[in-house]
Amino acid sequence: TEGGFRAFFRGLSLPLCSKSFEQCIAFGIQSAVDNGLQTLDVKEGTVRSGLSGMAAGSCTALLLTPVYLVKVQLQVTPKSGGLAGPVAVIKNTVNRLGVAGLYTGALPIFIGTSIGYGFRFVAYDKATHIAEESLGFGNIGSTIVGGGMAGMATWASHYPLDLVSSRMEASVAFGGRQMSMTEHIKEIFAQSGIKGFFRGIGPCLLRAFPVNATIFLTYEVCKSKLK
């Protein structure tokens, strides 16, 4: 196949560089909103975790949309097609569609990330509690379990919207008429039914566990060191 082994990592550079920034924003906003809800006497639990998580997700969507656009376009086009890297994708998109083109797929990303991050922090709180209280895990073990389950819950809850946004972003690379979120949803359902919205979810969930277990463990360790 074109590109050899390196083709598997095409589009990685920008997401890799932005990931730390994204997580800093997410955890920072989630913590701030959670503290704000606490001052309003909202009890600790599902509602507070969900609302603070959704706030974090909605804010990170502003960062994620252009990053995902670049990643998807690099993944679906061969290097010989002229899109040699993130800068080339950005220039090509802006030249053809203006700055607004960088936010193609913003609506499903905004909705999906808000929902996903809501589930993320609810699942983390629930899973760590079960791991500690029912399964007898220590702090590190419960954080790993909770973080992994949080990642899987995130992707399981918003995977269909992520699929739609990816299709919208990929269409930019090939030109032609830009379809709306609703049009993509109708097309996917017409072609494959409900199961079409979950194509490829297996590998995604398997990846989500170790990645998010590492993220939450790193966050908790850093937070404990700063106390």
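Residues numbered from 1 in each chain as written. Predicted model: local features only at pLDDT ≥ 70, side-chain atom pairs only at ≥ 80, totals over all residues. Heavy atoms only, no water.

Describe in detail the state of the cysteines, supporting the description with residues and values.
Going through the model one piece at a time under the given rule, you end up with zero disulfides. Cys-222 supplies the cysteine sulfur nearest to Cys-24, a cysteine that is in no disulfide, at a spacing of 9.1 Å. A relative accessible area of 41% means that Cys-222 is categorised as partly exposed. (Disulfide = S-S within 2.5 Å. Buried < 20%, exposed > 50% of the residue type's maximum accessible area, 1.4 Å probe, protein only.)

Tell me about the confidence of the model for the protein, and name the residues and values.
Of all residues in the protein, 89% attain a pLDDT of 70 or more, and the chain-wide mean is 88. The secondary-structure element of the protein with the lowest mean pLDDT is helix H1 (residues 13-39), recorded at 84, while helix H4 (residues 106-133) shows the highest, at 96. (pLDDT = per-residue confidence, 0-100. Helix = DSSP H or I, 4+ residues; strand = E, 2+ residues; numbered from the N terminus.)

So what's going on with the packing of aromatic side chains? Residues and values would help.
Applying the stated criterion to the full structure yields six aromatic pairs. Seen in terms of ring centroids, Phe-27 and Phe-121 are 5.8 Å apart; in terms of plane orientation they differ by 90°. Their pairing is edge-to-face. One end of the pair, Phe-27, is in helix H1; the other, Phe-121, is in helix H4, and 94 residues separate them in sequence. In this structure Phe-27 comes out as buried when scored by relative accessible area, which is 7%. The class for Phe-121 is buried, based on a relative accessible area of 4%. With 4.2 Å between their ring centres and 25° between their planes, Tyr-124 and Phe-216 make a pair best called stacked. Of this pair, Tyr-124 sits in helix H4 while Phe-216 sits in helix H7 (residues 201-226), and the two are 92 residues apart along the sequence. Grouping residues by exposure puts Tyr-124 and Phe-216 together as buried. Of the aromatic side chains, those joined through ring pairs into one cluster are Phe-27, Tyr-117, Phe-121, Tyr-124, Phe-216 and Tyr-219. The positively charged end of Arg-207 is found above the aromatic ring belonging to Trp-155, 5.3 Å away from the centroid. (Phe/Tyr/Trp six-rings, centres within 6.5 Å; stacked < 30°, edge-to-face > 60°. Lys NZ or Arg CZ within 6 Å of the ring centre and 35° of its normal.)

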